[in-house]
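Observations on the three-dimensional arrangement
Okay, here's what each chain looks like letter by letter:
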Amino acid sequence: MSSEEVPKSLKKIKHIILVLSGKGGVGKSSITTQLALSLIQKNYKVGVLDIDLTGPSLPRMLGLENGKVHQSSNNGWIPVFYDQSQQLSLMSLGFLLNDRGNSVVWRGPKKTAMIKQFLKDVEWGSLDYLLIDTPPGTSDEHIAIAEELRYCTNVEGAVIVTTPQLVSINDVKKEINFCKKVNFKVLGVVENMSGFICPHCEECTNIFGAGGGKKLAEEVQLPYLGNVPIDPNFVDIIEKQTELRKTEGKTLVDLYSGCRLSTMFAEITDKVLLNAGIEDGTAMQTDN
Ligand SMILES: Nc1ncnc2c1ncn2[C@@H]1O[C@H](COP(=O)(O)OP(=O)(O)OP(=O)(O)O)[C@@H](O)[C@H]1O
Ligand code: SF4
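None of the values given here were measured: they were computed from a predicted structure.

1. Here we look at helix H4 (residues 140-148)
- Buried residues of H4: Glu 141, His 142, Ala 144 and Ile 145, and no others. Seen along its axis, H4 keeps its buried residues to an arc of 165°; they face one direction.
- On the buried face of H4, the contacting elements are helix H3 (108-121), strand E7 (127-133) and helix H5 (169-182).

Rendered as C-alpha cells:
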C-alpha cells in the first residue's frame, strides 16, 4: 500500500464516512444532511461530497442551489462553503450543470472520470469529516469511489440507510456484500421514515410497526444505529431555509437545532462515531 496513491486533497481529512442505501428514495440524502448538521453541532468541520451524479440533491438539501464552484490557483475546485465560518462545504455535480435541476444521463466511463476528478481536484482543506452521499444500489459510482479510496486509511466505513417498507433483507445484503468486497466497514444501519411525528402534538406514531430496522440489523449481524421518523417540520425547514436565512438570518444548523429530529439524530451520530472507533465525538476541532 502506498500513501503516494492517496489523492493529495484527501490527506488533510481526518475521517471519511460513506452513506449508502439499497434503493432510491429512502432518505439517504436527508440522512447525509442530518449527519453533517449533527457533526457541526458538535463543532466539527464537515465537507459533503455528493456523488449521486444522476440525481444530485445535496445543493437543495443544504440550501446551496445557487452555489458556485471556483477554480483555485492550482487548477483545482474550491467547494461551495455554506458561510464564512467555512464549517460546512459541499461539492456536487449539481453546481457544474448549466441547466440546474436537470439530471445527467452518462455512461459508466464518464461517471468514473467525474468521480476521480472529484476526489483528486476538490480542495477541501482541513476537515474533520468528509461525508460521501452515494446513489442508490451499487453502481458505477460506487465501484469508482471504492477504487479511488482504496489506499486511504482515513475511510472509517459506511452507514446503510433503509426504511420499514423496504425492510427487505436482500437490498441491505447487497450493500453489505459490496462493503465486504471493497473493504468498507459497515458502521451500522439507520431506519428512516420509521414513523410519523404529528405536526400538532409532536407525538410519534409508528405507522409501519416498530422494530423492523433493529430486527433486520440483528439478522444481518450489523450494529443498529436507530430510527428517524418522518417529521413534516424537517421538510418545512428544508423548503423554507433560503427564505428564513434571508429574512431572519437563521442558518440551517439554527433551524435544525429546533427540530425534534435533531435530538434523535444526535444519538445516531454518537453511535456512528463510536462504531467507527472515533472516541465519543467530543474531540477537538481541526486547527486550520
Ligand atoms: N425523516 C424524514 N422526515 C421528513 N422528510 C424526509 C425524511 N427523510 C426523507 N425525507 C424527505 O423525503 C424525500 C426523499 O429523501 P432523500 O432525497 O433524502 O432520498 P434519497 O434516498 O437520497 O433519494 P435518491 O433516491 O434520490 O437518492 C426528500 O424530500 C426528503 O426531504
Ligand atoms: S397525534 Fe394527536 S394531535 Fe396529532 S393528529 Fe393524532 S390525535 Fe391529532
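Text resumes after the structure shown.
2. Some remarks on the nonpolar core
- Counting residues in hydrophobic clusters, the biggest one holds 73 residues, and the most contacted among them are Ala 36, Val 46, Leu 130, Leu 131, Ile 132, Ala 158 and Val 159.
- Excluding residues within four positions of it along the chain, Leu 130 makes contact with Ile 13, Ile 16, Gly 47, Leu 49 and Trp 124.

3. Let's talk about the UniProt feature "binding site: ATP" (unreviewed entry) in the chain
- Listed under "binding site: ATP" (unreviewed entry) in the UniProt record, and renumbered for this structure, are Gly 22, Lys 23, Gly 24, Gly 25, Val 26, Gly 27, Lys 28 and Ser 29.
- Examined against the element boundaries, Lys 23 turns out to sit in the loop between strand E1 (13-21) and helix H1 (28-41).
- For Lys 23, a count of 18 C-beta atoms within 10 Å puts it in the partly exposed group.
- The residue Gly 24 is located in the loop between E1 and H1 in this model.

4. Digging into the site of ligand 2
- Near ligand 2 you find Cys 198, His 200, Cys 201 and Glu 203, and these make up its full shell.
- By residue class, the composition of the shell around ligand 2 is two nonpolar, one polar and one charged.

5. Focus on the site of ligand 1
- Ligand 1 sits among 20 residues. The nearest are Gly 24, Gly 27, Lys 28, Ser 29 and Ser 30.
- Elements with a minimum of two residues in the shell around ligand 1: H1, strand E9 (186-197), strand E11 (224-230) and helix H7 (232-248).
- Taken together, the residues of the shell around ligand 1 break down into eight nonpolar, nine polar and three charged.

About the criteria used
Position numbers for residues count from 1 along each chain, tracking the sequence in the order it is written. Starting at A for chains and at 1 for ligands, labels are handed out in the order in which the entities are written. Per-residue local features of the predicted model are confined to residues with pLDDT of at least 70, and side-chain atom pairs are confined, for both listing and counting, to 80 or more; whole-chain, interface and lining totals are unaffected and use all residues. Three exposure classes are used, based on other C-beta atoms lying within 10 Å of a residue's own C-beta, which is placed from the backbone: buried for 20 or more, exposed for 12 or fewer, and partly exposed in between. Segments assigned H or I by DSSP are reported as helices when at least four residues long, segments assigned E as strands when at least two residues long, and all are numbered from the N terminus. The arc in question is formed by the directions pointing from the helix axis toward the C-beta atoms. We call two residues in contact when their backbone-placed C-beta atoms lie within 7 Å. By convention in this section, buried Ala, Val, Leu, Ile, Met, Phe, Trp, Tyr and Cys residues joined through C-beta atoms within 7 Å make up a nonpolar core. UniProt positions are given in the numbering used here, feature names are shortened, and annotations may be inferred rather than shown by experiment. By definition, a residue lies near a molecule or strand provided its backbone-derived C-beta atom is within 6 Å of it. Side-chain classes are defined by residue name, with Ala, Val, Leu, Ile, Met, Phe, Trp, Tyr, Cys and Pro counting as nonpolar, Asp, Glu, Lys and Arg as charged, and the others, Gly among them, as polar.

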